[in-house]
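# Survey of secondary and tertiary structure
Each chain, written out:
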Amino acid sequence: MARAKQCAHSGPVAEPRYQIRALHTYSTVTVYQAYAPEIGLSAARDGRFPAVWQRDRMTWIKPSFLWMMYRCGWGTKEGQETVLAVEISREGFEWALEHACLSHYERGLHADRATWKRQLKRAPARVQWDPERDLHLQPLAHRSLQLGLAGEAARLYADEWTVSITDVTSLAHTIHAHVQDGDLDAARQLLPLERPYSVNEGLLAHLHQ
């Protein structure tokens, strides 16, 4: 979202409705989560999720910083006071995408609702698209990817895919303060540089039709 045309939210070029955007390198992708301090601070300190992090529960990762801010209220909601930037391997991220099922039934994509339910139950990951957010956390026309990880995917995420974990709570608070002061340019300059993330066109179609 440090993308000029997206951060301004007022350019002649419209964003694709479905597009994965993330801070990424040649080998990693950064996703965001928010936790209570007893989990979040421990994870950031040790660079891995602690034993108390429940690996048998579904966890949702979000490549969009501003969607995470919408979800956690800039790190102010109870149980979400510590905002983490989790750098994971591209291999892990793409494995999750390839093994994901859309979180809702879509006529034409799924043979029928029963088939979709069976796929959803078996899938270790699920994809959900929600409206991207601007600096005021208002919804935009294009969508932001959320990736739910369960079972095998959650365990791999916590114990194998994670490369680094950084506490970005202070960054969230600083950007929010600029927004509250009306200094959107200062806020925008601090946003992570989220660029389109290229995946196979057939895979992307499978994830959003």
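See above for the structure.
Attention here is on the structure that accompanies the text. (Residues numbered from 1 in each chain as written. Predicted model: local features only at pLDDT ≥ 70, side-chain atom pairs only at ≥ 80, totals over all residues. Heavy atoms only, no water.)

We now examine the overall build of the protein. Of regular secondary structure, the protein possesses nine helices and nine strands. Expressed as a percentage of the 209 residues in the protein, the buried residues total 51%. Counted over contacts in the protein with a minimum sequence separation of 6, partners at least 24 positions apart contribute 75%. Accessible surface, the protein: about 10200 Å² in total, of which carbon and sulfur atoms supply 50%. (Helix = DSSP H or I, 4+ residues; strand = E, 2+ residues; numbered from the N terminus. Buried < 20%, exposed > 50% of the residue type's maximum accessible area, 1.4 Å probe, protein only. Contact = heavy atoms within 4.5 Å. Areas by Shrake-Rupley, 256 points an atom, 1.4 Å probe, with all protein chains shown as cover.)

Membership of the largest hydrophobic core comes to 33 residues, with the highest contact counts inside it found for F49, I88, F93, L147, L149 and Y157. Broken down by secondary-structure element, the contributors of at least two residues to this core are β2 (28-35), α2 (37-46), β4 (82-89), α4 (90-98), β5 (100-102), β6 (125-133), β7 (139-149) and α6 (152-161). Considering each element in turn, this core owes the most residues, six residues, to α6. Leaving out residues up to four positions away in the same chain, I88 has contacts with S27, T28, V29, V31, I61, F93, Y157, W161, T162 and V163. In this structure, Y32, L66, V83 and A172 belong to the second largest nonpolar core, which totals 18 residues. (Core = buried A, V, L, I, M, F, W, Y, C linked by side-chain atoms within 4.5 Å.)

What follows covers helix α3 (residues 65-72). Burial of α3 is extensive: six of the eight residues sit out of reach of the surface. Those residues of α3 that are buried are in contact with β2, β4, β6, β7 and α7 (169-180). Following α3 by one or two positions, G73 adopts a phi angle in the positive range, close to 65 degrees.

Attention now moves to the sheet that holds strand β3 (residues 59-61). An order of β3-β7-β6-β5 is seen for the four strands of this open sheet, with the pairing classed as mixed. For this open sheet the edge positions go to β3 and β5, each flanked by a neighbour on one side alone. Going from strand to strand, the sheet's axes swing by 40 degrees on average, the running direction of each strand aside. Summarising the sheet, β5 and β6 pair through three bridges and their orientation is parallel. Note that in β6 the partner of A100 across the bridge is A125. (Pairing = 2+ DSSP bridges. Axes fitted to C-alpha atoms, helices over the stretch in contact; angles between N-to-C directions.)

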